[in-house]
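# Understanding the architecture of this molecule
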Amino acid sequence: MNEMQHFQELKRRVLERYRQDYPYFQGDWKTFSSQDILNLIALLERECKETVSEKWIYTHLKPETNTKLPRKNMLHVLCRFVGVSSWDEFIFEPVVTGSTVVSKEETKRSKRGYLWGMGMGVVLVLLAVAYFLWPEKKVTKMPPVKLQNQYTQEAVDSSEVQVYDATHTVGTQPLTPQQFEEKVREKPLTVFVKSPFYKDTIVQIPPSSTVQSPPVVALQPDDYAMMVKAFLKADITDWQKRKTQLQHILSEDLEVMVMLKGGLGSEFYNKAQFVQKLTIPTPVLKRWEIVDIKNEPDGKLKVIRIKQE
Amino acid sequence: MRSGIVYIVFLWCASVWSQAATESMKTTNEQSLKQVFAAPVLQAYQENSDIKIQELFFYLQQLTQPGLEPSLRQEMETACLALFVNEATMVVDLTSPTPTHIPIATLLQKLAQSAPIQITVSERVKYNTVTYRSWTSGYTIRCVQNGSSREYAISQIVFFQLLPQQFGAHQQQTYQYRLGAMELR
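Residues numbered from 1 in each chain as written. Chains lettered and ligands numbered in written order. Predicted model: local features only at pLDDT ≥ 70, side-chain atom pairs only at ≥ 80, totals over all residues.

### Things to note about helix H1 (residues 3–21) of chain A
Residues and elements named next belong to chain A. What counts, and what does not: Note on conventions: DSSP H or I runs of at least 4 residues are helices, E runs of at least 2 residues are strands, and numbering of each starts at the N terminus. Multiply 1.5 Å by the residue count of a helix minus one, and that product is the helix's expected span. To sort residues by burial, count the other C-beta atoms lying within 10 Å of each one's C-beta; a count of 20 or more means buried, 12 or fewer means exposed, and anything in between means partly exposed. C-beta atoms are built from the backbone. By construction, the arc corresponds to the directions joining the helix axis to the C-beta atoms. It is the C-beta atoms, placed from the backbone, that decide contacts: two residues are in contact if theirs lie within 7 Å.
When the terminal C-alpha atoms of H1 are compared, their 28 Å separation across 19 residues agrees well with the 27 Å that a helix rising 1.5 Å per residue should span. Phe7, Leu10, Lys11 and Val14 are the residues of H1 that are buried. Down the axis, H1 shows its buried residues gathered within 105 degrees of arc, on one side only. In H1, the exposed positions that point more than 90 degrees away from the buried face belong to Gln5, Glu16 and Gln20. Buried residues along H1 sit against helix H3 (54–61), helix H4 (72–81) and helix H5 (87–91).

What follows is the structure in structure tokens.
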């Protein structure tokens, strides 16, 4: 394998690692959305304490083929992200010789390999035992619908959406994927889809036994909410533009509630304080996650509820 | 004469009792934050105050960056001052090789002339001296400037009290943070 092929392999491993945190992402680099890019930046910052720009990801990771290898320090960062200490280790390929004489170092290495093999064997046996002993009802499946942005057709992050049974009246508790799947198996189900970033939607889902592929539910994005979400991940550039836009999209009566870790307390911001906070973003904003938004009749954001990690 | 003395003693006792009652009322009204909040809740608020300290040093570091445009500098200075009780709050002069205290407003002016400083705040923060509206946060910062590094062990008052907050047309009382004076430990 040459270095470029190794880089393709590294990109594949980065996606695999990304799916550990975002299991609903099932696409490839081509379908890697702008939100996924922001998620990946935050992940790299959390896991490797390194900042990677959106532009860098667009230049080096998004393209299907690459003509140029990125700088080595960036390759190190990606390698660390996938659990390898450095790029040198990642591209290292042991030389295979026909000789039966092996050096001390090789013996040590093969011993280590043997131990690894043994370890992996034990882990596999344990996993197999766990699989058969684990109660079947705990196995979760993806809900049999495809949520997508009405305009961009991009898949919607399912963790940002809550689905309620609205057959008679809208339920008080959101449905879990299992409950949803059971309810829609034989009968059609009217659901109310709620999200801080999309307009409320009521839609009827046909029984899963009657459809070949998962039905698509198109959600209309709330542009103002999407903007605030993007601003939480922004850096200092374009701060004046951001400030002007925030003044425009936030209600004068805005009330922002930041819930502290564990829900043990909360902190409030008014419009001026929130605009100031987002105009000059500090790393703290990366720990904020919008969980609920209420709008004025003209669409301006009136209440924002944020969870702080 | 005897009745006069009894009368004076009675007045004195009444006065002492009245003063004691007033003191007692004052302490009841101004309960320690430890009495107002359950221990885990107070701890959550104290830990959240670390964010204010991290933000402060983030702004201070940014303010030493060369080529910062004046409007952005002003925006950052405003955000920085908003963290404090007032502009005269005394802080450690990060630009000086000898440890001294200056008002935060003066430090902001000095940072505009300073060489870039890389600031790291320790993750471990200790909270002491909880009063009815504040506690003291103890932390360490490391400043690297022109290749040389300095460390400061700081204890800083963090005010946490009910203050009126304006949300458009309506106002409500909310608990808010304000950073107070720094001292070198």
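### Regarding the sheet that holds strand E6 (residues 250–259) of chain A
All names here are of chain A. Where we set the bar: Should DSSP find at least two bridges between two strands, the strands are taken to pair. Here the axes come from fitting lines to C-alpha atoms, over the contacting stretch only for helices, and the angles between their N-to-C directions go from 0 to 180 degrees.
The four strands lie next to each other as E7-E6-E9-E8, forming an open sheet whose pairing is mixed. Either end of the sheet is taken by a strand with one partner, and the two such strands are strand E7 (266–269) and strand E8 (288–295). With strand direction ignored, the average angle separating the axes of adjacent strands in the sheet is 20 degrees. Pairing geometry for E6 and strand E9 (residues 301–308), over six bridges, is parallel. Bridging from a neighbouring strand, Met257 pairs with Arg305 of E9.

### Observations concerning the sheet that holds strand E3 (residues 189–195) of chain A
Residues and elements named next belong to chain A. Across the sheet, which stays open at both edges, the three strands sit in the order E2-E3-E4 with antiparallel pairing between neighbours. Edge strands, defined here as strands with exactly one partner in the open sheet, are strand E2 (162–165) and strand E4 (198–205). Each adjacent strand pair in this sheet contributes to an overall mean axis angle of 25 degrees, direction not counted. Bridge count between E3 and E4: six bridges; the pairing is antiparallel.

### Re the confidence of the model for chain B
All names here are of chain B. Filter applied, for reference: As a per-residue quantity, pLDDT reports the predictor's confidence and falls between 0 and 100.
Averaged over all residues, the pLDDT of chain B is 86; the fraction at 70 or higher stands at 84%. In this model residues 16–28 is a low-confidence stretch, pLDDT under 50, and it forms zero contacts with partners more than four residues away in sequence or in other chains. Predicted complex, confidence summary: ipTM 0.82, pTM 0.66.

### Considering the nonpolar core
Residues and elements named next belong to chain A. Quick note on the threshold: We define a nonpolar core as a collection of buried residues of the types Ala, Val, Leu, Ile, Met, Phe, Trp, Tyr and Cys that are connected via C-beta atoms lying within 7 Å of each other. An automatic or database domain assignment supplies the residue ranges for each domain.
Formed by 32 residues in total, the largest nonpolar core has its most connected members in Val256 and Leu301. Among the elements that line this core, the one with the most residues is E6, at four residues. When residues of this core are assigned to domains, at least three fall in each of domain 3 (146–219) and domain 4 (226–308). When neighbours within four sequence positions are excluded, Leu301 is seen to be in contact with Tyr224, Ala225, Val228, Ile249, Leu250, Ser251, Leu254, Ile293 and Asn295.

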